[in-house]
Amino acid sequence: MALSTLKDGQSEDALAEHATGKAAPGRAMRRRRRWNRVTIILFLLPALVLFTLLVLAPIFVALYASFFRWGGFGLPSDFIGFENFTRLFQDEVFLGDLWRGLLLILLSIGIQLPFALSIAVLLNQRLRGRAFYRLLFFAPYVLSEVITGVLFTMIFSPDEGLANHLLGMVGLGHLNPTWFADESLVLITLFLVMTWKYFGFHMILYLAGLQSIPKEVLEAASIDGAGSWQRFRHVTLPLLGPTIRISIFLSVIGAIQLFDLVWVITQGGPVHASETMSITMFQFGFKRYQVGYASAISVVMFIISFVFAVFYQRYVMRRDTEGAVTAMRGLR
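Given the structure is predicted, the values throughout are model-derived calculations rather than measurements. (Residues numbered from 1 in each chain as written. Predicted model: local features only at pLDDT ≥ 70, side-chain atom pairs only at ≥ 80, totals over all residues. Heavy atoms only, no water.)

**Q** Can you walk me through a nonpolar patch on the surface in this structure?
**A** Where nonpolar side chains cluster on the molecular surface, the patch consists of Leu 45, Val 49, Leu 50, Phe 51, Leu 53, Leu 54, Val 55, Leu 56, Phe 60 and Leu 63 and spans about 920 Å² of accessible area. Structurally, the position occupied by Leu 53 is in helix 2 (residues 25–65). Note on Leu 53: relative accessible area 55%, which makes it exposed. (Patch = residues over 30% accessible without salt bridge, like charges linked within 9 Å, V, L, I, M, F, W, Y side chains within 5 Å. Areas by Shrake-Rupley, 256 points an atom, 1.4 Å probe, with all protein chains shown as cover. Salt bridge = Lys/Arg side-chain N within 4 Å of Asp/Glu carboxyl O. Helix = DSSP H or I, 4+ residues; strand = E, 2+ residues; numbered from the N terminus. Buried < 20%, exposed > 50% of the residue type's maximum accessible area, 1.4 Å probe, protein only.)

Rendered as structure tokens:
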């Protein structure tokens, strides 16, 4: 009988609202959802504006400038197409930058990260004063790159540096290496500085991952007869997998974009032996005023980082991201 009283085009929600003087549940739900969307947009808008101005706009400006022969003054007008990119991949210095970047990535993954993991496993044990040791190992990461660079410039000074004094104390003073002035030593020496500076950050990541592993799992493995190495190999490492993958990702991106530490210590020398893509870009952009060519370098750096990030998250971190999405859906 109630349905027969509905007028043409009038919904049940409208009739209920008219009868009770209150919004019907369906209409109230739609209004709430609409207001939620407006609230989300209002909160996201400042971040989107900043992201557009500080991230997206510079990317498109660099891409546009890379097609011009431009010194950085006035508007670019000398259009040369892909000439900057052609020159880029014929430049022995830039090709050397790619090789040096790859070498630093391999050294970081093969030496720096395992070292950080070893220290994290050690400091996860019951040790007297382990909080002090955690602070001690993490402290170098807190220092700025400039302070670190100046500090190690003095330590590896060929005349009065601490490194050569230590070599003299162990009977190797006759070597007297010029750490940052020797083409064959400078990259390895820089890697030692990088390891000292950044391993504490990865150590903290691994410590957080280790402490999130349930103790019951390790105790169950011990009851089943697994030794320390077996527990680490078959229980700890698999459960620490997401943290290790994040650590590798950050290490690779950091090596691709490495600039300030190298600039303070060597400025890419001697004879480009420690130069990175960022150093080359800075040299051409701000010292030689070849901004178009420097923009091409920045575009290539962006493409390398972006492609690596997409493929790494798609194929390496796929299980981690899928697990996160599944968990979020379960909370809805």
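**Q** I keep staring at a positive patch on the surface and nothing clicks. Help me out?
**A** The grouping of Arg 31, Arg 33, Arg 34 and Arg 37 at the surface amounts to a positive patch. Relative to the elements of secondary structure, Arg 33 occurs in helix 2. (Lys, Arg positive; Asp, Glu negative; His and termini not counted. Charge placed at Lys NZ, Arg CZ, Asp CG, Glu CD.)

**Q** How do you make sense of the packing of aromatic side chains when you look at a structure like this?
**A** Aromatic rings considered in pairs are described by the distance between their centres and by the relative angle of their planes. Scanning the entire structure with this criterion turns up 28 aromatic pairs. The interplanar angle of 50° and the centroid separation of 6.1 Å between the aromatic rings of Phe 82 and Phe 85 together place this pair among those described as tilted. Under the relative-accessibility criterion, Phe 82 is labelled exposed at 56%. An aromatic cluster is defined as three or more aromatic residues linked by ring pairs; in this entry it consists of Phe 152, Phe 156, Trp 179, Phe 180 and Trp 196. Between the NZ or CZ atom of Arg 87 and the centre of the ring of Tyr 293, over which it lies, the distance is 3.8 Å. Positioned above the aromatic ring of Tyr 315 is the side chain of Arg 314, whose terminal nitrogen or guanidinium carbon lies 5.3 Å from the ring centre. (Phe/Tyr/Trp six-rings, centres within 6.5 Å; stacked < 30°, edge-to-face > 60°. Lys NZ or Arg CZ within 6 Å of the ring centre and 35° of its normal.)

**Q** How should I be thinking about the confidence of the model for the protein in this particular structure?
**A** Regions with low pLDDT should not have their predicted coordinates read in detail. In this model, the protein carries a mean pLDDT of 88, and residues with pLDDT of at least 70 account for 89%. The model gives residues 1–7 a pLDDT under 50, and that stretch makes 6 contacts with residues more than four places away or in other chains. (pLDDT = per-residue confidence, 0-100. Contact = heavy atoms within 4.5 Å.)

**Q** How should the layout of surface pockets be read in this particular structure?
**A** One way to see where empty space is left: roll a probe the size of a water molecule over the atoms. Its volume calculated, the largest pocket comes out at about 690 Å³. Looking at the largest pocket, it is lined by 16 residues, and the ones nearest its centre are Asn 124, Gln 125, Leu 218, Arg 231 and Thr 236. Here the residues of the lining of the largest pocket sort into 5 nonpolar, 6 polar and 5 charged. Of the volumes computed, that of the second largest pocket is approximately 260 Å³. Contributing to the lining of the second largest pocket are 16 residues, with Tyr 198, Leu 250, Ser 251, Gly 254 and Ala 255 lying nearest its centre. At the level of elements, helix 4 (92–123), helix 8 (186–211) and helix 11 (241–256) are the ones that each hand at least two residues to the lining of the second largest pocket. Of the residues in the lining of the second largest pocket, the class split is 8 nonpolar, 6 polar and 2 charged. (1 Å grid on protein atoms, 1.4 Å probe; cavity = no way out; pocket = protein on both sides within 12 Å on 5 of 7 lines; lining within 4 Å. Points joined across faces, edges and corners; volume = space filled by probe spheres on them. Nonpolar A, V, L, I, M, F, W, Y, C, P; charged D, E, K, R; others polar.)

**Q** Whenever I open this one, the pattern of salt bridges confuses me. Can you help?
**A** Opposite charge on two side chains permits pairing when their charged atoms draw close. As enumerated under the stated definition, the model contains 4 salt bridges in all. One salt bridge in this structure joins Arg 100 and Asp 97, with 2.7 Å as the shortest N-O distance. Of this pair, Arg 100 and Asp 97 are both found in helix 4, 3 residues apart, which corresponds to roughly one turn of the helix. Given a relative accessible area of 12%, Arg 100 falls into the buried group. Classification of Asp 97 as buried rests on a relative accessible area of 1%.

**Q** Could you clarify how one ought to interpret the packing of helix 5 (residues 130–142) against helix 8 in this entry?
**A** Viewed as axis vectors pointing N to C, helix 5 and helix 8 meet at an angle of 130°, and their least axial separation amounts to 6 Å. Looking at the two axes, helix 5 sits oblique to helix 8. Where helix 5 crosses over helix 8, the handedness of that crossing is left-handed. Side by side, helix 5 and helix 8 meet where Arg 134, Phe 137, Phe 138, Pro 140 and Tyr 141 of the first sit next to Trp 196, Lys 197, Tyr 198, Phe 199, Gly 200, Phe 201, Met 203, Ile 204, Leu 207 and Gln 211 of the second. (Axes fitted to C-alpha atoms, helices over the stretch in contact; angles between N-to-C directions. Parallel < 35°, antiparallel > 145°, perpendicular 65-115°, else oblique. Left-handed = near helix turned anticlockwise from the far one by under 90°.)

**Q** I keep staring at the environment of Ala 255 and nothing clicks. Help me out?
**A** Tracing the sequence through the fold places Ala 255 in helix 11. A residue is classified by how much of its surface remains accessible, and Ala 255, at 6% relative accessible area, is buried. Sequence separation of Ala 255 and Ser 108 is 147 residues, and the distance between their C-alpha atoms is 8.3 Å.

**Q** Help me understand the packing of helix 9 (residues 215–223) against helix 10 (residues 228–239), please; the structure alone is not making it clear to me.
**A** A pair of packed helices is characterised by two quantities: the angle between their axes and the separation of those axes. Closest axis-to-axis distance for the helix 9/helix 10 pair is 10 Å, and the angle between their directions is 160°. For the element pair helix 9 / helix 10, the angle class is roughly antiparallel. As helix 9 runs across helix 10, the sense of the crossing is right-handed. Seen from helix 9, the contacting residues are Val 217, Leu 218, Ala 221 and Ser 222; seen from helix 10, they are Arg 231, Val 235, Thr 236 and Leu 239. Looking at side-chain class alone, the contact of helix 9 with helix 10 contains 5 nonpolar, 2 polar and 1 charged residues.

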